[in-house]
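An overview of the molecular structure
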Amino acid sequence: MDNDKNIDFKDLWKKQSVSRPDMQDLLARLNKFKKAGVRSLWIMNILLFATSAFIVFVWIYYQPQFISTKIGIIFTILAMVIYLFAYNKLSTRYKNIEATQSNHEYLQNLILIKKKMQFLQTKMLSFYFILLTIGICLYMYEYASRMSFLGAGLTYGITLLWMGLNWFYIRPKQIKKQQAKINCLIEKFEEVNHQLES
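The paragraphs below set out a description of the structure included in this document. Note that the coordinates shown come from a computational prediction; the quantities given were computed from them, not determined experimentally.

Cut-offs and rules
- Residues numbered from 1 in each chain as written.
- Predicted model: local features only at pLDDT ≥ 70, side-chain atom pairs only at ≥ 80, totals over all residues.
- Heavy atoms only, no water.
- Helix = DSSP H or I, 4+ residues; strand = E, 2+ residues; numbered from the N terminus.
- Buried < 20%, exposed > 50% of the residue type's maximum accessible area, 1.4 Å probe, protein only.
- Areas by Shrake-Rupley, 256 points an atom, 1.4 Å probe, with all protein chains shown as cover.
- Patch = residues over 30% accessible without salt bridge, like charges linked within 9 Å, V, L, I, M, F, W, Y side chains within 5 Å.
- Salt bridge = Lys/Arg side-chain N within 4 Å of Asp/Glu carboxyl O.
- Core = buried A, V, L, I, M, F, W, Y, C linked by side-chain atoms within 4.5 Å.
- Contact = heavy atoms within 4.5 Å.
- Lys, Arg positive; Asp, Glu negative; His and termini not counted.
- Polar contact = N/O pair within 3.5 Å; in protein donor to acceptor, adjacent residues only side chain to side chain.
- Axes fitted to C-alpha atoms, helices over the stretch in contact; angles between N-to-C directions.
- Parallel < 35°, antiparallel > 145°, perpendicular 65-115°, else oblique.
- Left-handed = near helix turned anticlockwise from the far one by under 90°.
- Nonpolar A, V, L, I, M, F, W, Y, C, P; charged D, E, K, R; others polar.
- Expected span 1.5 Å × (residues − 1).
- Charge placed at Lys NZ, Arg CZ, Asp CG, Glu CD.

This part covers the overall build of the chain. Regarding its fold elements, the chain presents 7 helices and 0 strands. For the chain, the residues scored as buried account for 30% of the 198 residues in total. Split by element, the accessible area of the chain, about 13,800 Å² in all, is 65% carbon and sulfur.

Shown next, in the form of structure tokens:
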């Protein structure tokens, strides 16, 4: 009976098996996130570069007469170049995620990526859409001025409707999806850090 009274609960607590999170699975998810981010960077660069090249081709080949068309082309290309410049800064953040890092370093890199993504999704994307809308509207003016009032109205209406759909429907869904992915990873690494500290 005396033996039961001398049980060392602290020692028993330390010896119990603690369910550790599957680090291999977590690192695989992080690697998948990194690859998807780098792939997204490449796709964005290729698409916006190809679009800019096409716009320059149209400018050279069709020789627009109105100054508004030329300013519209410059605004459109400028919007893409500025957005790409800011967007490409994410590549260094993705490169900073390496297999040899500690959990704390993974977590810090993910938090930095999240902050950069929030900046891109709010300020930079707003700037991009405003400059792009102005550029497209100025570009279309020369061609719309040759149309009937109904034709010009439909052209501008459809274009602005498409941009509005992108801004108010597609953009928020993409932002929500991106934030959910990074928030899930951050939560998992925070959980691991808390378990390792305790």
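From this point on, the discussion continues.
Let us now look at a nonpolar patch on the surface. On the surface, Phe54, Phe57, Tyr61 and Tyr62 cluster together to form a nonpolar patch covering roughly 520 Å² of accessible area. Its place among the elements puts Phe54 in helix α3 (residues 23-62). Given the relative accessible area of 53%, Phe54 is considered exposed.

Grouped burial of nonpolar side chains is what soluble globular proteins tend to show. Of all hydrophobic cores here, the largest spans 35 residues; its most connected members are Tyr83, Leu90, Leu110, Ile113, Tyr128 and Phe189. Listing elements by their share of this core, those giving two or more residues are α3, α4 (67-87), α5 (90-95), α6 (103-144) and α7 (149-197). Beyond its immediate stretch of four places on either side in the chain, Leu110 contacts Leu30, Phe33, Ile182, Leu185, Ile186 and Phe189.

Right, let's talk about the side chain of Arg171 for a bit. Within the fold, Arg171 resides in helix α7. Among buried Asp, Glu, Lys and Arg side chains, Arg171 stands out as unpaired, with Glu187 the closest opposite charge at 21 Å. Side-chain polar atoms of Arg171 contact the backbone oxygen of Trp167, separated by 3.2 Å. Once residues within four sequence positions are removed from consideration, Arg171 is found in contact with Gln121, Leu125 and Asn166.

In contact at an axis separation of 14 Å, α3 and α6 are set at 20° when each is read in the N-to-C sense. Between α3 and α6, the angle is such that the two are roughly parallel. As for the relative orientation of α3 and α6, their crossing is left-handed in sense. Judged by residue contacts, Met23, Leu27, Leu30, Phe33, Leu48 and Val58 of α3 engage Asn103, Tyr106, Leu110, Ile113, Tyr128 and Tyr139 from α6. Within the contact of α3 with α6, the residues separate by chemical class into 11 nonpolar, 1 polar and no charged.

Looking now at the side chain of Asn109. The topology assignment puts Asn109 in helix α6. For Asn109, a relative accessible area of 8% translates into the label buried. With residues near it in sequence (within four places) discarded, Asn109 still touches Asn96, Ile97 and Gln101.

Its 40 residues place the ends of α3 58 Å apart at the C-alpha level, agreeing with the 58 Å of an ideal helix rising 1.5 Å per residue. Along α3, the residues classified as buried are Leu26, Leu30, Phe33, Gly37, Leu41, Leu48, Ser52, Ile55 and Val58. Where α3 ends, the next residue or the one after it, Gln63, has phi of about 45°, a positive value.

In the structure shown here, the tally under the stated rule is 1 salt bridge. Salt-bridge contacts for Arg146 lead to Glu142; the nearest nitrogen and oxygen are separated by 2.9 Å. Judged by its relative accessible area of 57%, Arg146 is exposed.

Glancing now at a positive patch on the surface. Together, Arg29, Lys32, Lys35, Arg39, Lys177, Lys181 and Lys188 make up a region of like positive charge exposed at the surface. For the positive patch, the elements supplying multiple residues, two or more each, are α3 and α7. Sorting elements by how many residues they give to the positive patch places α3 first, with 4 residues.

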